[in-house]
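The residues making up each chain are set out below.
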Amino acid sequence: MSEAESGETGLRQPEAAPKKGSWLRSVPFQILVASGVSFTAPGMWDAMGGLGAGGAAEPYAVSAANAILYGLFSVVCIAAGAVNNRIGLRYGLALGAIGYPLYGAGLYTNNASATTWFLLFGSAICGISAGFFWAAEAAIIIGYPSPKDRAFYLAIWQTAKASGPIVGGAINLGLNASRETAGSVGSATYIVFIVIMCLGLPIALCLSPASKVWRKDGSKVVVWKEPTWTAEFKAVFSLLASRRILYLLPAFFISYFYNGFLSTFLTTYFTVRSRAFSSFFTNFAGIISSFLLAALLDRQSIRITTRAKVGFSAIITILIGTWIWAIILQKKYYDAPEAPVFDWFQGGFGEAYALVFFWTFGGQAFQQFLYWLVGQYATDLSSVSHHTGILRGFEALGQTVAWAMQSQGNANHYVSIGVNFGITVLCIFPTWVVLSELRHHQTSVQLVTEEEIRKPNDHNSNDQAETSS
C-alpha cells in the first residue's frame with residue numbers, strides 16, 4: 001500500500017511515529033533506493049550527456065531530441081507532484097525509471113544508422129517518464145529525512161547522481177581512450193548504458209511508504225492527501241501562483257540552463273577521448289560542491305538566513321565568473337583561423353576544460369541549494385512534492401529553451417552565453433528577497449511539523465502568512 005493510501009483522505013496521519021525497526025524501513029535505506037535509481041537512470045543519462053551531444057558526432061539532432069524531452073518534462077513534472085501524491089512515491093519513482101532505457105536505445109539507433117525518428121520517440125517517452133521521476137525523487141530526498149539532515153542527504157543523493165556519470169565515464173574512457181579525433185563514440189558504449197538503465201525499475205519498487213519509515217530522532221514523516229484529484233491539482237496551481245514561488249521562478253529556470261551550451265561546447269572543441277575524460281572527471285566537481293554546501297546549510301549554529309545568503313552568494317559568484325570566462329574563450333576561438341579541437345592535456349585543453357569543470361561545480365551546487373530552500377517551506381510530504389514538482393518543471397522549461405538554442409548548426413555561441421549570464425544576474429534580487437524572509441517562515445514550519453497541526457484546505461496557508469508578515 002502506498003503512502004497516499006495509508007490514511008483517511010484529506011487528513012494528516014494521526015498515528016505515532018513508527019518505532020525503530022528494520023533497516024529496510026530506515027531513512028538511509030530509502031535514500032539508498034532513491035540514489036540507486038538516480039545512479040542507474042538519470043546518472044547514465046548524464047554520462048551520455050557528458051560525452052557531448054549524447055556521444056554523437058554532430059550535436060544538432062540530439063539537441064532537438066533533448067528539447068522535446070525537456071519540453072514534455074517541464075509540463076509533466078509540475079502536475080506529477082499532485083499525481084505522485086495520489087498514487088504514492090514508490091509508483092511515481094517506478095514510472096519515472098521506465099523512459100530512460102528508451103532514450104538510451106534512441107541514441108544507440110541514431111549512432112548506428114542515423115534513425116532520427118526513434119531518437120525523438122525515445123526522448124518524448126523519457127520526457128514524460130522523467131517528470132514523474134524527478135517530482136518523486138526530490139520529494140523523497142527532502143521529505144523523508146529530518147529537516148536538520150536534509151542538506152547532508154541532498155549531498156549523498158547528488159553524489160549518487162554524479163556516480164552514474166563517473167562509472168559511465170570510466171566505461172567511456174576505457175572504450176574510447178584511443179580515439180584522438182572528434183566524432184561519435186562506439187556502439188558498445190550505448191549497450192552498456194542501456195543495460196544499467198534497465199535496473200532502475202526494480203530498484204524503485206524497493207521504496208517503503210512514508211508511513212512506515214522511521215527516523216533516528218523519533219519524528220515522523222508527515223503525510224497529507226487532498227480529498228480529491230481536483231483539490232490536489234488546485235493545491236499545486238495555488239502554490240505556483242504564490243508570491244514566493246513567483247519570485248523564485250527565474251532561479252528555477254536558469255539553474256540548469258548551462259547544460260545545453262556545455263554539451264555543444266564539448267562536442268565542438270574536444271576530441272572523443274577528451275570528452276570521455278570530461279564525462280568521468282567533471283562529476284567530481286558536483287560531489288565536492290555538494291558536500292561543501294551541505295556543511296554550510298546544515299550548520300545549525302549559524303542563523304538560517306546567514307547560511308542561505310552566504311551559500312547563494314558563493315554560487316552566483318562562481319557562475320557569473322564562468323560566463324565571463326566563457327566570453328573570453330569564445331572570442332579567442334572565433335578569432336582563430338580554424339576552430340580548435342582539444343585533445344586531453346594538450347595545448348589549450350586546461351583553460352577550456354576548467355570552464356566545463358566550474359560550470360558543473362557551480363551548477364550542481366545551485367540545484368542542491370534550491371532543493372534545500374524549497375524544503376524549508378514545506379510542512380509535509382505532499383507540500384514537498386508540490387514544491388519540487390514546480391522547481392523541476394521550470395528547471396526543465398529552462399533546459400527546453402537551452403537545448404532548442406543548440407539545435408541549429410549555425411547558432412551563435414555568444415547568444416547562449418549572454419542568455420545564461422543575463423538570467424543569472426536577473427534571478428539575484430527576487431531570490432535574495434525570499435532568502436531574507438526565510439528566518440520567520442522557517443520558525444513557523446518547524447512549529448507546524450512538530451505539533452502536527454493541520455487544518456483542511458490550509459495546504460498553502462503559509463504563503464498567505466508570509467505575504468502578510
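Novice: So what exactly am I meant to see when it comes to helix α5 (residues 116-143) here?
Specialist: Since the α-helix turns once every 3.6 residues, residues separated by three or four places project in the same direction. Taking 1.5 Å of rise per residue, 28 residues should cover 40 Å, and α5 covers 39 Å from first to last C-alpha, within 8% of that figure. Of all the bends in α5, the greatest, near 25°, is centred on S129. Of all 28 residues in α5, 22 are buried; the element is thus mostly enclosed.

Novice: What should I look at first to understand the environment of N85 in this one?
Specialist: On the secondary structure map, N85 appears in helix α3 (residues 60-87). Taking C-alpha positions, N85 is 8.3 Å from L381, a pair spaced 296 residues apart along the chain. A distance of 2.7 Å separates a polar atom in the side chain of N85 from a polar atom in the side chain of E232.

Novice: Help me understand the packing of helix α11 (residues 258-269) against helix α16 (residues 381-405), please; the structure alone is not making it clear to me.
Specialist: Packed helices, taken two at a time, are described by the angle between their axes plus the distance between the axes. Taken N-terminus to C-terminus, the directions of α11 and α16 make an angle of 30°; their axes are 7 Å apart at the nearest point. Comparing their axes, α16 and α11 come out roughly parallel. Between α11 and α16 lies a crossing whose hand is right-handed. Contact residues: α11 offers N259, G260 and S263, while α16 offers Q399, A402 and W403. Across the contact of α11 with α16, the residue classes tally to two nonpolar, four polar and no charged.

Novice: Could you clarify how one ought to interpret the nonpolar core in this entry?
Specialist: In summary, soluble globular proteins display a tendency toward joint burial of nonpolar side chains. Judged by nonpolar contacts, the single largest core of 103 residues is most densely connected at F252, F369 and W372. The residues contacting F252, other than those within four sequence positions of it, are I245, L370, V374, I390, L391, F394 and E395. W323, Y333, F349 and F361 belong to the second largest nonpolar core, which has 24 residues in total.

Novice: Is there a simple way to think about a nonpolar patch on the surface in this case?
Specialist: Taken together, the side chains of Y91, L95, I98, L201 and L205 make up a nonpolar region of the molecular surface, amounting to roughly 410 Å² of accessible area. The element contributing the most residues to the nonpolar patch is helix α4 (residues 89-113), with three residues. Here Y91 is to be found in helix α4. A relative accessible area of 35% places Y91 in the partly exposed class.

Novice: It is not clear to me how the side chain of R273 should be interpreted in this structure. Could you clarify?
Specialist: Mapped onto the secondary structure, R273 falls in helix α12 (residues 272-281). A relative accessible area of 12% means that R273 is categorised as buried. Only 2.7 Å separates the side chain of R273 from the side chain of D343, close enough to count as a polar contact.

Novice: I would appreciate a short explanation of the packing of aromatic side chains in the present structure.
Specialist: Working definition: an aromatic ring pair is given by the centre-to-centre distance plus the angle between the planes. Summed over all chains, the structure comprises 42 aromatic pairs. Relative to F342, the ring of F270 lies with its centre 6.1 Å away and its plane at 65°, an arrangement referred to as edge-to-face. With F270 in the loop between α11 and α12 and F342 in the loop between α14 (304-335) and α15 (349-375), this residue pair connects regions lying 72 residues apart in the sequence. For F270, a relative accessible area of 0% puts it in the buried group. With a centroid separation of 6.4 Å and an interplanar angle of 45°, the aromatic rings of F312 and W432 are classed as tilted. With F312 in helix α14 and W432 in helix α18 (residues 428-436), the pair connects residues that are 120 residues apart, well separated along the chain. A cation sits over an aromatic face here: K161 above W157, 5.8 Å from the ring centre. In this structure, R392 packs its charged tip against the face of W134, placed 3.9 Å from the ring centre.

What counts, and at which threshold
Residues numbered from 1 in each chain as written. Predicted model: local features only at pLDDT ≥ 70, side-chain atom pairs only at ≥ 80, totals over all residues. Heavy atoms only, no water. Helix = DSSP H or I, 4+ residues; strand = E, 2+ residues; numbered from the N terminus. Expected span 1.5 Å × (residues − 1). Bend = angle between axes of the 7 residues up to and from the residue. Buried < 20%, exposed > 50% of the residue type's maximum accessible area, 1.4 Å probe, protein only. Polar contact = N/O pair within 3.5 Å; in protein donor to acceptor, adjacent residues only side chain to side chain. Axes fitted to C-alpha atoms, helices over the stretch in contact; angles between N-to-C directions. Parallel < 35°, antiparallel > 145°, perpendicular 65-115°, else oblique. Left-handed = near helix turned anticlockwise from the far one by under 90°. Contact = heavy atoms within 4.5 Å. Nonpolar A, V, L, I, M, F, W, Y, C, P; charged D, E, K, R; others polar. Core = buried A, V, L, I, M, F, W, Y, C linked by side-chain atoms within 4.5 Å. Patch = residues over 30% accessible without salt bridge, like charges linked within 9 Å, V, L, I, M, F, W, Y side chains within 5 Å. Areas by Shrake-Rupley, 256 points an atom, 1.4 Å probe, with all protein chains shown as cover. Salt bridge = Lys/Arg side-chain N within 4 Å of Asp/Glu carboxyl O. Phe/Tyr/Trp six-rings, centres within 6.5 Å; stacked < 30°, edge-to-face > 60°. Lys NZ or Arg CZ within 6 Å of the ring centre and 35° of its normal.

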